[in-house]
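# Coordinates in review
Below, each chain spelled out in residue letters.
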Amino acid sequence: MKKVLIIDDDTRNVFALSAVLRSRGYKYEAATSPAEALLLLKNNADIGIVLMDMMMPEMDGYSLIPYIREIPQSDPIPIVAVTAQAMTGDKEKCLAAGADGYLAKPIDIDKLLALLKTYLQ
């Protein structure tokens, strides 16, 4: 089974997401910075989906998506925007930036699991 890559600068969010994934039998990696995420993607061919916080201090998710798409082995990997920005137009902004999906925080676990099931078949 492919792994889930969690990219979030807030370790509490990483902890919560990883607990859900672990309890459902998913394997995962976690990165707390864009640089760490890019290294993980370059060095792990078994990543099947990215759950990415869109609001990180050094580089936001909107800026990180193009860098991820430049990594040859990660181009087809779906990227799901995970963000506290849930105002009108925020989902469309994430999708326009290149995200394949969108989850608002706090995360609806059922929606998360449905996305994982869709992308990690």
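Heads up: these notes are all about the structure in this document. (Residues numbered from 1 in each chain as written. Predicted model: local features only at pLDDT ≥ 70, side-chain atom pairs only at ≥ 80, totals over all residues. Heavy atoms only, no water.)

## Here we look at the sheet that holds strand E4 (residues 79-83)
Overall, parallel pairing links the five strands, which are arranged E2-E1-E3-E4-E5 in an open sheet. At either end of the open sheet lies a strand with only one pairing partner, and these are strand E2 (28-31) and strand E5 (101-104). Within this sheet the neighbouring strands show an average axis-to-axis angle of 20°, counted without direction. Looking at chain direction, strand E3 (residues 47-53) and E4 are connected through four bridges and run parallel. Paired with Val-50 across the strands is Ile-79, a residue of E4. Relative to the sheet, helix H2 (residues 34-43) contacts strand E1 (3-7), E2 and E3, its axis offset from that of E2 by approximately 145°. Helix-sheet contacts for helix H3 (residues 61-70) involve E1, E3 and E4, and the interaxial angle to E3 is about 160°. (Pairing = 2+ DSSP bridges. Helix = DSSP H or I, 4+ residues; strand = E, 2+ residues; numbered from the N terminus. Axes fitted to C-alpha atoms, helices over the stretch in contact; angles between N-to-C directions. Contact = heavy atoms within 4.5 Å.)

## So, the packing of aromatic side chains
Here the structure, examined in full by the defined rule, presents zero aromatic pairs. Between Lys-93 and the ring centre of Tyr-62, over which it is positioned, the NZ or CZ distance is 4.7 Å. (Phe/Tyr/Trp six-rings, centres within 6.5 Å; stacked < 30°, edge-to-face > 60°. Lys NZ or Arg CZ within 6 Å of the ring centre and 35° of its normal.)

## Considering the side chain of Asp-8
On the secondary structure map, Asp-8 appears in the loop between E1 and helix H1 (11-23). Judged by its relative accessible area of 2%, Asp-8 falls in the buried class. One polar contact links Asp-8 to Lys-105, side chain to side chain, over a distance of 3.2 Å. With residues up to four places along the chain from it excluded, the contact list for Asp-8 reads Asn-13, Val-14, Ala-31, Thr-32, Asp-53, Met-56 and Lys-105. (Buried < 20%, exposed > 50% of the residue type's maximum accessible area, 1.4 Å probe, protein only. Polar contact = N/O pair within 3.5 Å; in protein donor to acceptor, adjacent residues only side chain to side chain.)

## A few points about the side chain of Asp-90
For Asp-90, the location among the structural elements is in helix H4 (residues 90-96). Among buried charged residues, Asp-90 stands out as having no salt bridge; its nearest opposite-charge side chain is Lys-93, 5.8 Å away. (Lys, Arg positive; Asp, Glu negative; His and termini not counted. Salt bridge = Lys/Arg side-chain N within 4 Å of Asp/Glu carboxyl O.)

## Concerning helix H5 (residues 109-119)
What H5 keeps buried is the set Leu-112, Leu-113, Leu-115 and Leu-116. All buried residues of H5 project into a common sector of 160° when viewed along the axis, lining one side. In this structure, H5 carries Asp-110, Lys-111 and Lys-117 as exposed residues pointing more than 90 degrees from its buried face. The inward-facing, buried residues of H5 contact E1, H1, E3, E4 and E5. (Arc of directions from axis to C-beta.)

Worth remembering: the numbers are spatial, not functional.
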